[in-house]
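Observations on chain architecture
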Amino acid sequence: MYSLLIAEDEGWMRELLVGASYWEQCGITQIWGAKNGQEALEILESEKIDFLLSDIRMPVMDGLELLAKVKEVSPETEVVMLSGFDEFNYVRTAMRLGAYDYLLKPIRDEELMQLFYKMTHAKSQKQLEMYRTVMEQSKWKQGRSLLQEQFLASWFSGRITTPTLIREKCVEMEIIWEAKTYVVYLMELDQLYVLMERYNERDMELLKYGIRNIVDEHLVDSGQDFYLFAIDQRLVVWAGGHQTESEMEDLLCSIRQNIKKYMKVTVSIGISSKHSSLDDAFKAYLEAVNSLKMKMYMGKDQSFFFESIQFQEDRQLFHRELQQRLHYSVIMGSIEEMQSVLEGVFDEIRRKQIPEQHVDQIVWLMTQIIWEKKQNAQAELVDKAAQDDFLNRLRTLDTIDEIQAVLTAEFIQTIQDTVEKRSHKRSKLISDILLFIDKHYSDELTLQALSEQFYMNPSYLSRLFKEEIGQIFTKYLMQLRVDKAKELLKTTHMKVYEISEAVGYTDVKYFNKIFKNITNLTPADYRSL
């Protein structure tokens, strides 16, 4: 599936394009909007964008200037320029700067759909051919490298521990190590669970392949001995230890920056202390694992050195009294009390930076409370698999802040279920979201803002909203605002521009257009009925 960024300064046009129904038919499932070239450039620098549809005439940064910068920050992005000015100079400049195509306003839906269907099909074929070529060219080499990597993964993860067997295998696999000291770098994709929802299996493999190439290039340039291999979802680097900590930090910073720039993702890195004996390989790996756990406290996209970390043990942090307080807050339906307990516990976790296994124990106890209360609220046995899935999801989160946010949201949901059982088929979450929209429809409400408000992934929220409501969020919001405007037109003497602002549209022309598209009448005609 592909992503699209629409850069258009006219708000009504931008919303119509973003909310168009035909993008999914073209294989485009993620859509961003930007009101000028500068805003579009910021999105391109932080997100992986496959296609850009950009107006030429925009404030702050126009389309042609944006096109020139796209080729620097996101060279894989295909660009289609959009303009209402049929002038050869624009066409020539756009094509010279590398635009895929050029469309003139007003554009027809069929024309836009055909062009992007052609582009996505071509991109899919190109990716498939690239993937096949890479696989074919490296098939023989991969066979040998795969055996090496499987052995290294078994050795460093502690599955093979016999020194004589390890040395025999190194000779057999032609693994040569001459450096006097070594370190282990352990690289982990941040927010892996989000990426696995966003990308299919093939795209994930291509992403990992690109990251590995970036790491490999930097290590080659550094001139040190190294081997690359994977353990679970992490990339392991066995590297020579001749560099100082400052030099290692600079190297790893460059690696992280280039991964962010070219792959549009971030990684966190745990670094072991230096070792001289090959018998310490497993120990070095565990040090890198423990270093990486600092991401819970320090945040993502950083490098963590084992010699700098300090953990404190506190098995009684979430003691029985706190468990009882949390238990009773759910029974009494007190969201405020529940949040007070969670904030106190997690503040102590951050302050003491307790080991991950102890955090896991605390989280497990909290989920037991949640599922016990869910069972009481639903008066039936709760699916054990659902409980395990939730706990596993928590274990995939990167930081303490994320764990606290998800747990808090789940406790709130549990409290609401305890206070009042569901009275209709529509999910409680969507009902809460609809109530929130009804209260805030006049605000600058976006899918991203909703997802943050309810601690959800935007893509999942969009899919859930469409499944339960039957239409996409933007269309639902448009309809709601028009319905509110109709009430004001019939019950007040407010001017049309005042009503436009009251329902959330600062551009009265755009409001008139939306109103007519939905009702087939202008606001003035509707009021006169």
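For the structure itself, look to the data block above.
Residues numbered from 1 in each chain as written. Predicted model: local features only at pLDDT ≥ 70, side-chain atom pairs only at ≥ 80, totals over all residues. Heavy atoms only, no water.

1. Structural notes on the side chain of Ser451
- Within the fold, Ser451 resides in helix 19 (residues 447-453).
- Reaching out from Ser451, the side chain makes a polar contact with the backbone oxygen of Gln448 at a distance of 2.7 Å.
- When sequence neighbours within four positions are dropped, the list of residues in contact with Ser451 reads Met456, Asn457, Pro458 and Leu461. (Helix = DSSP H or I, 4+ residues; strand = E, 2+ residues; numbered from the N terminus. Polar contact = N/O pair within 3.5 Å; in protein donor to acceptor, adjacent residues only side chain to side chain. Contact = heavy atoms within 4.5 Å.)

2. Quick notes on helix 10 (residues 245-263)
- Helix length check: helix 10 (19 residues) gives 26 Å between terminal C-alpha atoms against 27 Å at 1.5 Å per residue, within 8%.
- Where helix 10 is concerned, the buried positions are Met248, Leu251, Leu252, Ile255, Arg256, Ile259 and Met263. Across the axial projection of helix 10, the buried residues extend over an arc of 130°, all falling on one side.
- Phi turns positive, to about 60°, at Lys264, one or two residues after helix 10. (Expected span 1.5 Å × (residues − 1). Buried < 20%, exposed > 50% of the residue type's maximum accessible area, 1.4 Å probe, protein only. Arc of directions from axis to C-beta.)

3. Things to note about the sheet that holds strand 5 (residues 101-104)
- Pairing in this open sheet of five strands is parallel, and the strands run 2-1-3-4-5 from one edge to the other. The sheet terminates laterally at strand 2 (28-34) and strand 5, the two strands that pair on one side only. Each neighbouring strand pair of the sheet contributes to a mean axis angle of 20°, computed without reference to strand direction.
- As defined by bridge partners, strand 1 (residues 2-7) adjoins strand 3 (residues 51-55) across four bridges and the pair is classed as parallel. Considered in strand 3, the bridge of Ala7 is made with Ser54.
- Sitting on the sheet, helix 1 (residues 11-18) is in contact with strand 1, strand 2 and strand 3, with an inclination near 170° to strand 2. (Pairing = 2+ DSSP bridges. Axes fitted to C-alpha atoms, helices over the stretch in contact; angles between N-to-C directions.)

4. A few points about the environment of Val237
- Structurally, Val237 is set in strand 8 (residues 234-240).
- Residues Val237 and Tyr185, spaced 52 residues apart in sequence, show a C-alpha to C-alpha distance of 4.9 Å.
- Non-local contacts of Val237, meaning those with residues more than four positions away in its chain, are made with Val183, Val184, Tyr185, Met187, Val215, Leu219, Phe226, Tyr227 and Leu228.

5. A look at the nonpolar core
- Among the nonpolar cores identified, the biggest contains 35 residues, and Leu326, Val345, Ile349, Met366, Leu394, Leu407 and Phe411 are the most heavily contacted of them.
- Only helix 12 (295-298), helix 13 (320-332), helix 14 (335-352), helix 15 (356-378), helix 16 (384-396) and helix 17 (400-419) provide two or more residues apiece to this core.
- If sequence neighbours within four positions are ignored, Met366 has contacts with Phe318, Leu326, Leu342, Val345, Phe346, Leu407 and Phe411.
- The next biggest cluster of nonpolar side chains, apart from the first, holds 31 residues, and it includes Phe473, Tyr476, Met478 and Phe515. (Core = buried A, V, L, I, M, F, W, Y, C linked by side-chain atoms within 4.5 Å.)

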